Amino acid sequence: MGPPMTPYRRPVRFTWWLGHRGYTLFVLRELTSLFIGAEAVLLLLLLHNLSKGRESYEAYLTFLTAPGMIVLHIVALAAAIFHAVTWFALAPKAMVVRVGGRRVPPPAIIAANYGALAVASLIIAWIVLGRIP
Amino acid sequence: MPDPTITLEVMRYGPGRDETPTYQSYRVPYREDWVVLDALNYIKDELDGTLTYRWSCRMGVCGSCGMMINGTPKLSCAAFLKDYYPSAVRVEPLANFPIARDLVIVMDDFMENLSRVKPWIIREDERPTSEGEYRQTPAELDRYKQFSMCINCLLCYSACPVYALEPHFVGPAAIALAARYNLDSRDRGSAERRDIVAGPDGVWDCTLVGECSVVCPKGVDPAGAIQQAKLASALDWMKSIVLPWGRR
Amino acid sequence: MRSTKPLWWLLFAAGGMVAALLIPVHVALIGALAAGWASDAFAYDRVLALVSHPLSRLYLFVLISLSFFHWAHRFLYTLAEGLHLKTSWLPLPVACYGTAIAGTVLTAIVLARL
């Protein structure tokens, strides 16, 4: 009887996601959720300060003008767009739409999503700003 | 002028002999039409008969020769030396699997998961062949055909970071094959596959990294299969909450 | 009761869709607010009137709550993958989904108070 034929298990490093572009982009995509959550919190705070009265609301607006907040918003906008781009790119994988027995081509689904993004953005901007910017 | 050569850095591991894997360097002739598999066969025939690796059809249909080539999971019969020349080529066994010996990995877990998803047509009524064939329209075939192209090469498991961190994850190929049968109009077995597809270690572990579909040599798109399975499982779950009676 | 994983995934997926379509414009709008542009559009009276409408409250509730649930699910899995933990290790899902639930309740309270 020979020596035990133990298989070797290679360990997984904590830096597994740095060595490969696909993995790094994946982690960046996942981290956009932090900015989505942050934006929801900022919206909630806006509403909260609004409900507390004019002074609170205007103090919050002043808080938003701090340089740190402006930087946060630039990063958050990039993150929100990256989320939308990656979400739409993957949407056809889950949404298999069939018309007359044939599958709607993925680029059509992606384009429809971008169309919806454009329309929704214009409507919201028009409602909030009172005019299309 | 001497004939051109290329260097292969090959991972070696002898169970019972080595504590950890090591690398061995081999210089093989460089031919423009050679793939890594040709280089490995040259090594085994001419330089080092102890090198151990799996291969069979050498044309990308059997799924036997999956390896890490410069850190990317590939079929060694589909990785051309000319894409790496003149740099050295690092050849390692498929990632995320235990190494049995040299470039051979232990795939027992996958084989078990494969049988757990019951990759065959399941029907309550098995019609005898005298009653004729089951008919299927091109549209019905289109729903699952892509997922039927899987050759069980396991490249997707090597690419999946979820499988790397959680070896119990059923994995891309097994779920794609479950989807292949769930979507087949002849099949009635999705309830039997529900526990493994929608259970712990099933689709819910997947975070849609998407690398599985990137490395798949047959264009199966297991990531797509998993996404469809998530949606189907979620709708199935909602139905079971709203209409708890009459589940198959 | 069977696994709740489909519930969290559905909320995550709905939240992801809503966030993809709506968060970019909202970030741009709050960014404009932060930069001091269109200050007459963001005047207190006008904004209060705008958000007090029942449809606005419903819209904001859905937008904010689903964004929280989208973050919770994705962050849970990112933490697990990053720290080599299991998503089934209870403190993790409780912290993530619990925060989203708390955020949803707070949102309902704030919107009711407007």
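What chain C contains, in helices and strands, is four helices and zero strands. Starting at the N terminus and ending at the C terminus, chain C contains elements arranged as α-α-α-α. In terms of C-alpha radius of gyration, chain C reaches 17 Å, well past the compact-globule figure of 13 Å for 114 residues. Along the first, second and third principal axes, the C-alpha atoms of chain C reach 50 × 30 × 20 Å.

Within the element layout of this structure, C:Ala38 appears in the loop between helix H1 (5-35) and helix H2 (44-52). Distance from C:Ala38 to C:Ala100, taken between C-alpha atoms, is 32 Å for residues 62 residues apart in sequence. When near neighbours in sequence (up to four residues on either side) are disregarded, C:Ala38 contacts A:Leu129 and C:Ala32.

A few words now on the interface of chain C and chain A. Interface size is commonly expressed as the accessible surface area that is lost when the partners come together. On the chain A side, the residues contacting the 39 residues of chain C number 41 residues. Those elements that place two or more of their residues in the side of chain C that touches chain A are H1, H2, helix H3 (54-83) and helix H4 (91-113) of chain C. Per-element accounting of the side of chain C that touches chain A gives the leading share, 17 residues, to H1(C). Here the residues of the side of chain C that touches chain A are counted per class, giving 29 nonpolar, eight polar and two charged.

All right, on to the nonpolar core then. With 70 residues, the main nonpolar core has B:Val36, B:Cys156, B:Cys160, B:Ile175, B:Ala176 and B:Leu177 as its most contacted residues. For this core, the element with the highest residue contribution is helix H6 (residues 172-182) of chain B, accounting for eight residues. Both domains that furnish three or more residues to this core are identified here as domain 1 (5-105) and domain 2 (108-242) of chain B. Counting residues in each nonpolar core, the second largest holds 55 residues, with A:Leu43, A:Leu44, A:Ala76 and A:Ala80 among its members.

Let's shift gears to helix H9 (residues 222-242) of chain B. Across its 21 residues, H9(B) extends 30 Å between first and last C-alpha, which sits within 8% of the 30 Å expected from 1.5 Å per residue. Among the residues of H9(B), those classed as buried are B:Pro222, B:Ala223, B:Gly224, B:Ala225, B:Ile226, B:Gln227, B:Gln228, B:Ala229, B:Lys230, B:Ser233, B:Ala234 and B:Trp237. Where H9(B) is buried, its residues touch helix H3 (67-94) of chain A, helix H4 (155-159), H6, helix H7 (190-198) and helix H8 (211-215) of chain B together with H1 of chain C.

Another point: the confidence of the model for chain C. Chain-level statistics for chain C give a pLDDT mean of 93 and a share of 98% at 70 or above. The ipTM for the predicted assembly is 0.93, set against a pTM of 0.93.

The rules behind the values
- Residues numbered from 1 in each chain as written.
- Chains lettered and ligands numbered in written order.
- Predicted model: local features only at pLDDT ≥ 70, side-chain atom pairs only at ≥ 80, totals over all residues.
- Helix = DSSP H or I, 4+ residues; strand = E, 2+ residues; numbered from the N terminus.
- Rg over C-alpha atoms; globule rule 2.2 N^0.38 Å.
- Contact = placed C-beta atoms within 7 Å.
- Nonpolar A, V, L, I, M, F, W, Y, C, P; charged D, E, K, R; others polar.
- Core = buried A, V, L, I, M, F, W, Y, C linked by C-beta atoms within 7 Å.
- Buried ≥ 20, exposed ≤ 12 C-beta atoms within 10 Å, placed from the backbone.
- Domains from an automatic or database assignment.
- Expected span 1.5 Å × (residues − 1).
- pLDDT = per-residue confidence, 0-100.

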